[in-house]
Amino acid sequence: GAVVSQHPSWVICKSGTSVKIECRSLDFQATTMFWYRQFPKQSLMLMATSNEGSKATYEQGVEKDKFLINHASLTLSTLTVTSAHPEDSSFYICSARDLLYEQYFGPGTRLTVT
Amino acid sequence: QKEVEQDPGPLSVPEGAIVSLNCTYSNSAFQYFMWYRQYSRKGPELLMYTYSSGNKEDGRFTAQVDKSSKYISLFIRDSQPSDSATYLCAMSRYGNKLVFGAGTILRVKS
């Protein structure tokens, strides 16, 4: 199956700083990537849909100025959590959709804000 | 009412048992149906992908879609302890975002 990578896998940052998470589709091109957030023992919550070369579409209740998404190429999307606070601590997962509309997930990034 | 309903479990079965996991949905426009497996602290792994109604088999896994009943199933034969994970059903309309079930926790005991 297709492979999606995320970097870093785990990051700890201080409150008020910004953190960038990268999502790459390694063996296929993805015109659409998605960013999810997952709290313990809960299902995935879609944050935004990222289309290559255009602005991301954010879900209701997700602050676009806080969660900056850039999809600069067909294999790379980035999520930047700006001015992070402890309540932003979570498991962030990206996914990439191929031409057959199959959606593959990355391994996730655990963010801890102290 | 949620668009996709999935019993969160946990479902506990002995090793070697046949496991049946199910989801129901309310939106008849859904055309694409997926099953993902997620281990703790990992991203979901795509197990099965089905378009419209019918069955699909891959190794020990069989996915069934019954659009008339708005019901999808995943069967796991000869279950192993390594199958212990959370299983998420997901579905979408053409080109749209995925809608997930809550996930079912499966525990296979050796």
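Residues numbered from 1 in each chain as written. Chains lettered and ligands numbered in written order. Predicted model: local features only at pLDDT ≥ 70, side-chain atom pairs only at ≥ 80, totals over all residues. Heavy atoms only, no water.

**So, the nonpolar core**
- Formed by 42 residues in total, the largest nonpolar core has its most connected members in Y36, F67 and L111 of chain A together with M34, Y36 and F100 of chain B.
- Looking at this core, the element that brings in the most residues is strand β9 (residues 90-97) of chain A, giving five residues.
- Ignoring anything within four residues of it in the chain, the contact list for Y36 of chain B reads Q103 and F105 of chain A together with P44, E45, L46, L47, T86, Y87, L88, A90, L98 and F100 of chain B.
- In this structure, F30, M48, V65 and V108 of chain B belong to the second largest nonpolar core, which totals 25 residues. (Core = buried A, V, L, I, M, F, W, Y, C linked by side-chain atoms within 4.5 Å. Buried < 20%, exposed > 50% of the residue type's maximum accessible area, 1.4 Å probe, protein only. Helix = DSSP H or I, 4+ residues; strand = E, 2+ residues; numbered from the N terminus. Contact = heavy atoms within 4.5 Å.)

**Focus on the interface of chain B and chain A**
- Across the contact, 17 residues belong to chain B and 19 residues belong to chain A.
- Buried surface at the junction of chain B and chain A, summed over both partners, amounts to about 1,500 Å²; 57% is from carbon and sulfur atoms.
- Summed over the three residues of chain B that lose the most area to chain A, namely R41, Y49 and K97 of chain B, the buried surface amounts to 29% of that side.
- Close ionic contact of K97 of chain B with E59 of chain A constitutes a salt bridge, the shortest N to O distance being 2.6 Å.
- Linking chain B to chain A there are seven residue pairs in polar contact (both at pLDDT 80 or more).
- Elements with a minimum of two residues in the side of chain B that touches chain A: β4 (32-38) and β5 (45-51) of chain B.
- Split by residue class, the side of chain B that touches chain A holds nine nonpolar, five polar and three charged. (Buried area = accessible area lost by both parts, 1.4 Å probe. Salt bridge = Lys/Arg side-chain N within 4 Å of Asp/Glu carboxyl O. Polar contact = N/O pair within 3.5 Å; in protein donor to acceptor, adjacent residues only side chain to side chain. Nonpolar A, V, L, I, M, F, W, Y, C, P; charged D, E, K, R; others polar.)

**Considering the packing of aromatic side chains**
- Counted according to the given criterion, the structure contains 15 aromatic pairs over all chains.
- Residues Y36 of chain A and F100 of chain B carry aromatic rings whose centres are separated by 5.8 Å and whose planes lie at 85° to one another, so their mutual orientation is edge-to-face. Taken together, the positions of Y36 of chain A in strand β4 (residues 32-38) and F100 of chain B in strand β10 (residues 99-100) put the pair across two chains. The exposure classification of Y36 of chain A matches that of F100 of chain B, with both residues buried.
- Through successive ring pairs, a cluster of aromatic residues spans F34, Y36 and F105 of chain A together with Y36 and F100 of chain B. (Phe/Tyr/Trp six-rings, centres within 6.5 Å; stacked < 30°, edge-to-face > 60°.)

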